[in-house]
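An overview of the molecular structure
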Amino acid sequence: MSYNTPTSLVGINLAYLRRTKTPHLSKSRLAASLGIDRRTYSNYERGTHEPPHWFVVKASHYFGVSIDDITSKYLGGGKIDNKKAAIPRDRTAPDESDG
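Residues numbered from 1 in each chain as written. Predicted model: local features only at pLDDT ≥ 70, side-chain atom pairs only at ≥ 80, totals over all residues. Heavy atoms only, no water.

1. Examining the side chain of asparagine 13
As for its position among the elements, asparagine 13 is in helix H1 (residues 9-21). What makes asparagine 13 buried here is its relative accessible area of 0%. (Helix = DSSP H or I, 4+ residues; strand = E, 2+ residues; numbered from the N terminus. Buried < 20%, exposed > 50% of the residue type's maximum accessible area, 1.4 Å probe, protein only.)

Printed below as a string of structure tokens:
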């Protein structure tokens, strides 16, 4: 599975949860609380790397939300900006521009 933009829904939701549920914590402190390096956490938030399942489970417990909330819902409310959020795309599927 590849992503056609640099940010994923999981990343958008992690950033939203960090800003709303723990606004007093820096990325570094939050990453340490979750047992990972700050750069790794930043990559998850930016969507350049997808977090492993164990991390999503740990983050869901930390923030008090379900795994489903983090992985499949837009937690920020309103409409999602398609320029910022990625839609998973199967590489084997034909590209829309292929005609």
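2. Focus on H1
Between its terminal C-alpha atoms H1 stretches 18 Å, which fits the 18 Å expected from 13 residues at 1.5 Å a residue. Against the buried residues of H1 lie helix H2 (27-33), helix H3 (38-46), helix H4 (53-63) and helix H5 (67-72). (Expected span 1.5 Å × (residues − 1). Contact = heavy atoms within 4.5 Å.)

3. Considerations on the nonpolar core
Leu14, Tyr41, Phe55, Phe63 and Ile70 are the most contacted members of the largest nonpolar core, which totals 16 residues. Going through the elements one at a time, H1, H2, H3 and H4 are the ones with two or more residues in this core. For this core, the element with the most residues is H4, which contributes four residues. Ignoring sequence-local partners within four residues, the contact set of leucine 14 consists of Tyr41, Tyr44, Glu45, Phe55, Ala59 and Phe63. (Core = buried A, V, L, I, M, F, W, Y, C linked by side-chain atoms within 4.5 Å.)

4. Points about the packing of H1 against H3
Running from N to C, H1 and H3 point in directions that differ by 115°, and their axes come no closer than 6 Å. Taken together, the axes of H1 and H3 are roughly perpendicular relative to one another. Between H1, through Gly11, Ile12, Leu14, Ala15 and Arg18, and H3, the contact on the second element is made entirely by Tyr41, Tyr44 and Glu45. Class assignment for the residues of the contact of H1 with H3 results in five nonpolar, one polar and two charged. (Axes fitted to C-alpha atoms, helices over the stretch in contact; angles between N-to-C directions. Parallel < 35°, antiparallel > 145°, perpendicular 65-115°, else oblique. Nonpolar A, V, L, I, M, F, W, Y, C, P; charged D, E, K, R; others polar.)

5. Describing the pattern of salt bridges
Taken as a whole and judged by the stated rule, the model has four salt bridges. Its salt-bridge partner being glutamate 45, residue lysine 27 comes within 3.6 Å of it at the nearest N-O pair. Here lysine 27, found in helix H2, pairs with glutamate 45, found in helix H3; they are 18 residues apart in sequence, far enough to count as distant. A salt bridge links arginine 39 to aspartate 37; its shortest N-O distance comes to 3.5 Å. Looking at arginine 39, the relative accessible area reads 55%, which means it is exposed. Several salt bridges converge on common partners, so that one network encompasses Arg18, Lys27 and Glu45. (Salt bridge = Lys/Arg side-chain N within 4 Å of Asp/Glu carboxyl O.)

6. Quick word on the packing of aromatic side chains
Describing an aromatic ring pair means giving the distance of the ring centres and the angle of the ring planes. According to the stated counting rule, one finds four aromatic pairs in the structure shown. A centroid spacing of 6.0 Å and a plane angle of 85° characterise the contact between tryptophan 54 and phenylalanine 55, whose relative ring orientation is edge-to-face. Aromatic pair tyrosine 62 and phenylalanine 63: ring centres 5.3 Å apart, planes at 90°, arrangement edge-to-face. Through a chain of ring-to-ring contacts, the aromatic side chains of Tyr41, Tyr44, Trp54 and Phe55 assemble into a single cluster. (Phe/Tyr/Trp six-rings, centres within 6.5 Å; stacked < 30°, edge-to-face > 60°.)

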